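Here are the chains, one letter per residue:
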Amino acid sequence: MRRAGRRLGLAAVAMVAMVAMVAALSAAPAVHAEDGYDLWLRYVALAPEQAAVYRPQVAQLVMAGDTPTRSVARAELLRGLAGLLGSAPAASDAASADGVVIVGTPASSPLIAAMRLKLQGLGREGYLIRSVDVDGHRATVIAANEDVGALYGTFHFLRLIQTGQPLAALDLRQAPHVQLRVLNHWDNLDRHVERGYAGESIWDWHKLPDYLDPRYTDYARANASIGINGTVLNNVNANALSLTPMYLEKAAALAGVFRPYGIRVYLSARFSAPIEIGGLKTADPLDPQVQRWWRDKADEIYRYIPDFGGFLVKANSEGQPGPQDYGRTHADGANMLADAVKPHGGVVMWRAFVYSHEEPDDRAKQAYSEFVPLDGRFRDNVIVQVKNGAIDFQPREPFHPLFGAMPKTPLMMEFQITKEYLGFATHLAYLGPMYQETLDADTQRRGKGSTVAKVVDGSLHGYKLTGMAGVANIGSDRNWSGSQFDQANWYVFGRMAWDPTLNAKPIAEEWARMTFSNDDDVVKPIAEMMMGSREAVVDYMTPLGLHHLMGNGHHYGPGPWVSGGPRADWTSVYYHRANQDGIGFDRSASGSNAVAQYAPPVAREFGDLKRVPEKYLLWFHHVPWDYRMQSGRPLWDELVYRYSHGVDTVRQMGQTWQRLDGRIDPERHAQVATFLSIQEKEAQWWRDASIAYFQTFSQRPLPQGQAPPAHSLEYYEALSFPFAPGH
Ligand code: GCV
């Protein structure tokens, strides 16, 4: 009996444990819910009292799901509301009670058609969200001219609930300020991602077109939720094979997944493809055979992908082939491709990140020198893609002088989301303030207020085509971006591409609410950490306008001593120009005169040692070590102080994060905590190595209270990282 009883007891215990486990599992969110996979679309249950307020406001849904886009919008709304509120609204054909949500277009919804809403001016992608009265019932309408607008409106509506905003008296109208809002994937066909720190490429080319990883759909959802409407699948350092039928079929499969989400596929085109895959002897853009080849290629691509967006091209830059190989201009090259895609409605995004074969007196001047003379010579379906600054995505650069300088040629912004120069995936650096700093910068090309944002949204020069590109930080890692906080950079890019006048801080807050917690006492410290984080990176890597001081090739860690090699403008010494007298690149009239590429009032400000903002001091001037800074300190002391300040800020970020222990799910909290400790270690390394190196020129003691570097300069110089990621 006892034995039997004991067995029974064990079985009962096992049964109870199993039931408890099953109950726990079914009550718990999806298995991987808090590893970051769900991004800002977690839709976790709101606090009961909050859910109780929303539930009656979204009790019914009137929405036809009979087109692919309406169907994904509907599914998202049901999924979101079920997650947030514990129950999805009931489907209905009419507003028969309070709390109806009506979504659609006048064409798809008789209710919306009857409302006669002012949808003019919203275009294809805009929407309005409004609290209305329908037959005496309180309702919310999400209306647009086209399905994709209704999809964007749906995501906006969900965001309101995700971030705890009231729904009672809504009157929102939104339309994108920028037409092409695209991610640029620097993904190779072997799945290596150039400057990628989040695993392999998410495009599993080998299994495409047959296997469509569900991740592709989640990628599309995430992009649509922030208004991104285009993706360039392959690296700008392009392989011509991407344009062969085998790969076009794969790209078409991806385009099929993305289409309902309003996302078009683009491809980077290798300029020499007519030779490599076309069997021609030349890729000369003025050669009729070459032109014919591209026209045929475009026709072929559009047979696979009828809504193909067009080409992105890196030409005559860093060894890539281009029209200059045949004595032709960038305009000749771009126009040939533009003519090929024009009949299909495609565009060409032609990059202005160029290097000539001859070393220039100042690389910062190159793009302007090559492109400004071509203003007005591009076809109307070409847009020139310009990096935010003239060198290369440094932690801080003044705005690119091309912005505002090509009134007759649409220019689009290229930001880097992946943090090639800002600590890869382990450093927390929220890029919102950096994007905002560039977009808010005043080119003064048409008087004061001629901001870069107005160049990008086309309003300054009346561009017909507008765009913003972000070099993606997305990979196969479960958390997509290599770290939890790097998701915020994808997010803020999308939000600012939609509206370049948005501020970084509210975006950080809304992201933190959706990603971590809706509690103000969690959101506030996180947003503060984020807002200070990029400045901290600037301080511990490249303070006061220094730039391009990273390790050679892989760009990991400090390398201010980098010299030699094939080109001077690939070294650090070329950029910092430190010597016994001082430090900094003289780009004023007494130096390379790069300042002259800006509008005169800006040139005067940047070119004047007394007026240049200190954050750009060493970008534009070579300054003596004892130069008196605004703080009253000599330059050398200020430099050391800034390096240390960067490290201190990271330490404080770590402490702030520790205080949030218990307020964030343990898995993500632990990962962020570890990454912050890596960042602190590496910030210290940057500071120490940089100080050790520059002290050999300044020959000055460290200011009082400043700790000496932990190691000798030789130690730092000897460190080697042959396998750093992303190279
Ligand atoms: C895709 C920098 C990067 C390169 C990148 C290049 C570009 O030089 O280090 O990896 O190449 O910019 O933007 O074309």
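Residues numbered from 1 in each chain as written. Predicted model: local features only at pLDDT ≥ 70, side-chain atom pairs only at ≥ 80, totals over all residues. Heavy atoms only, no water.

Looking now at the overall build of the protein. A tally of helices and strands in the protein yields 22 helices and 16 strands. In terms of overall size, the protein behaves like a compact globule, its C-alpha atoms giving a radius of gyration of 27 Å where 727 residues would be expected to give roughly 27 Å. For the C-alpha atoms alone, the extent of the protein along its principal axes is close to 85 × 75 × 55 Å. Counting only residues that meet the buried cut, the protein has 61% of its 727 residues in that class. Across the protein, the fraction of contacts at a sequence separation of at least 24, relative to all contacts at a separation of at least 6, is 73%. Distance between charge centroids for the protein: 3 Å, based on 71 positive and 78 negative side chains. (Helix = DSSP H or I, 4+ residues; strand = E, 2+ residues; numbered from the N terminus. Rg over C-alpha atoms; globule rule 2.2 N^0.38 Å. Buried < 20%, exposed > 50% of the residue type's maximum accessible area, 1.4 Å probe, protein only. Contact = heavy atoms within 4.5 Å. Lys, Arg positive; Asp, Glu negative; His and termini not counted. Charge placed at Lys NZ, Arg CZ, Asp CG, Glu CD.)

If you check the shell around the ligand, you find 15 residues, and the closest are Glu194, Lys314, Arg351, Lys387 and Glu420. A distance of 2.9 Å separates an oxygen atom of the ligand from a polar atom in the side chain of Arg195. Separating an oxygen atom of the ligand from a side-chain N or O atom of Arg351 is a distance of 2.6 Å. A total of 340 Å² of accessible area belongs to the ligand in isolation, and the protein chains cover 97% of it. In terms of residue class, the shell around the ligand is made up of four nonpolar, three polar and eight charged. (Near = heavy atom within 4 Å. Polar contact = N/O pair within 3.5 Å; in protein donor to acceptor, adjacent residues only side chain to side chain. Areas by Shrake-Rupley, 256 points an atom, 1.4 Å probe, with all protein chains shown as cover. Nonpolar A, V, L, I, M, F, W, Y, C, P; charged D, E, K, R; others polar.)

Right, let's talk about the packing of helix H14 (residues 487–498) against helix H15 (residues 504–515) for a bit. Packing of H14 against H15 leaves a shortest axis separation of 10 Å and a crossing angle of 130°. With respect to their mutual orientation, H14 and H15 come out oblique. At the point where H14 passes H15, the crossing takes the right-handed sense. The residues of H15 that touch H14, namely those facing Gln487, Ala488, Tyr491, Val492, Arg495 and Met496, are Ala504, Ile507, Glu510, Trp511, Met514 and Thr515. When its residues are assigned to classes, the contact of H14 with H15 shows eight nonpolar, two polar and two charged. (Axes fitted to C-alpha atoms, helices over the stretch in contact; angles between N-to-C directions. Parallel < 35°, antiparallel > 145°, perpendicular 65-115°, else oblique. Left-handed = near helix turned anticlockwise from the far one by under 90°.)

Moving on, we get to the pairing of strand E12 (residues 382–387). Side chains on a regular strand alternate between the two faces of the sheet. With respect to burial, E12 is a largely interior element, six of its six residues being buried. Here E12 shows no split at all, with Val382, Val384 and Val386 on one side and Ile383, Gln385 and Lys387 on the other all buried. Two elements, strand E11 (residues 347–351) and E12, share four bridges in a ladder whose sense is parallel. Of the residues in E12, the one forming a bridge with Trp350 is Val384. (Pairing = 2+ DSSP bridges.)

Attention now goes to the side chain of Thr466. Of note, Thr466 is situated in the loop between helix H13 (452–456) and strand E14 (467–471). Overall, the relative accessible area of 2% leaves Thr466 in the buried class. Among the polar contacts made by the side chain of Thr466, one reaches the main-chain amide nitrogen of Gln179 at a distance of 2.8 Å. In contact with Thr466, not counting residues within four places along its chain, are His177, Val178, Gln179, Leu180, Ile383, Val456, Asp457 and Gly458.

This paragraph deals with the sheet that holds E11. Spatially, E7-E8-E9-E10-E11-E12-E13-E14 is the arrangement adopted by the eight strands of the closed barrel, whose pairing is parallel. Put simply, the sheet's adjacent strands are angled 25° from each other on average, direction ignored. As paired elements, strand E13 (residues 411–416) and E14 share four bridges and run parallel to each other. Paired with Glu414 across the bridge in E14 is Ala469. Packing against the sheet, helix H12 (residues 432–440) makes contact with E13 and E14, and its axis sits at approximately 155° to E13.

The periodicity of an α-helix, 3.6 residues per turn, causes residues three or four places apart in sequence to face the same way. Within H12, eight of the nine residues are buried, which leaves the element mostly enclosed by the surrounding structure. All buried positions along H12 are accounted for by Gly432, Pro433, Met434, Tyr435, Gln436, Glu437, Thr438 and Leu439. As for H12, its buried residues are in contact with E13, H13, E14, H14, H15 and helix H16 (520–541).

Moving on to the domain arrangement of the protein. Entries for the protein in the domain assignment read domain 1 (48–174), domain 2 (180–515) and domain 3 (539–585 + 622–718). Each of domain 1 and domain 3 was reduced to a C-alpha centroid, and the two centroids are 50 Å apart. (Domains from an automatic or database assignment.)

With that settled, consider the nonpolar core. Counting 229 residues, the largest nonpolar core has Phe157, Phe258, Trp294, Trp490, Trp657 and Phe694 as the members making the most contacts within it. When residues in this core are grouped by element, the largest group, 12 residues, is from helix H21 (residues 666–698). Residue contacts for Phe258: discarding those within four places in its chain leaves Trp203, Tyr216, Tyr219, Ala220, Thr231, Leu233, Ile263 and Val265. Leu111, Leu119, Ala139 and Ala143 belong to the second-largest nonpolar core, a separate cluster that totals 15 residues. (Core = buried A, V, L, I, M, F, W, Y, C linked by side-chain atoms within 4.5 Å.)

Now for the environment of Ala273. With respect to the helices and strands, Ala273 occurs in helix H8 (residues 273–276). Note on Ala273: relative accessible area 0%, which makes it buried. Counting along the chain gives 63 residues from Ala273 to Met336, while the straight-line C-alpha distance between them is 13 Å. Those residues in contact with Ala273, other than ones at most four positions away along the chain, are Ala240, Leu243, Gly278, Trp293 and Trp294.

Another point: the side chain of Ser317. Structurally, Ser317 is set in the loop between strand E10 (310–313) and helix H10 (330–341). For Ser317, a relative accessible area of 0% gives the class buried. Apart from residues no more than four positions distant in its own chain, Ser317 is found in contact with Phe353, Val354 and Tyr355.

This next bit is on the pairing of E11. Counting buried residues in E11 gives five out of five residues, a clear majority hidden from the surface. Here E11 shows a buried face lined by Val347, Met349 and Arg351 and a second buried face lined by Val348 and Trp350. The handedness of the E10 to E11 crossover, carried by H10, is right-handed. Between the parallel pair E11 and E12, the chain is carried across by helix H11 (residues 366–371), and the sense of this crossover is right-handed. (Right-handed = clockwise from strand over helix to strand, strands pointing away.)

Strands sit in the order E2-E1-E3-E5-E4-E6 across an open sheet of six strands; the sheet is mixed. The open sheet has two edge strands, strand E2 (90–91) and strand E6 (171–174), and neither has a second partner. Of the strand pairs in this sheet, strand E4 (residues 127–134) and E6 are connected by four bridges, and their pairing is antiparallel. Bridge assignment links Ile129 to a residue of E6, and that residue is Leu172. Across the sheet, helix H3 (residues 68–85) lies against strand E1 (60–62), E2 and strand E3 (100–104), angled at about 175° from E1, the strand it touches most. Each of E3, E4, strand E5 (137–143) and E6 is contacted by helix H5 (residues 147–162), which is oriented at about 75° to E4, the strand it contacts most.

So, on to the packing of aromatic side chains. What the rule picks out here adds up to 45 aromatic pairs. Measuring from ring centre to ring centre gives 4.0 Å for Tyr197 and Phe424, while their planes differ by 15°; the resulting arrangement is stacked. On the criterion of sequence distance, the pair formed by Tyr197 in the loop between strand E7 (180–184) and helix H6 (214–225) and Phe424 in the loop between E13 and H12 is long-range, its members being 227 residues apart. Each member of the pair, Tyr197 as well as Phe424, is classed as buried. With a centroid separation of 5.2 Å and 90° between ring planes, the pair formed by Tyr598 and Phe606 is classed as edge-to-face. By relative accessible area, which is 6% here, Phe606 ends up buried. (Phe/Tyr/Trp six-rings, centres within 6.5 Å; stacked < 30°, edge-to-face > 60°.)

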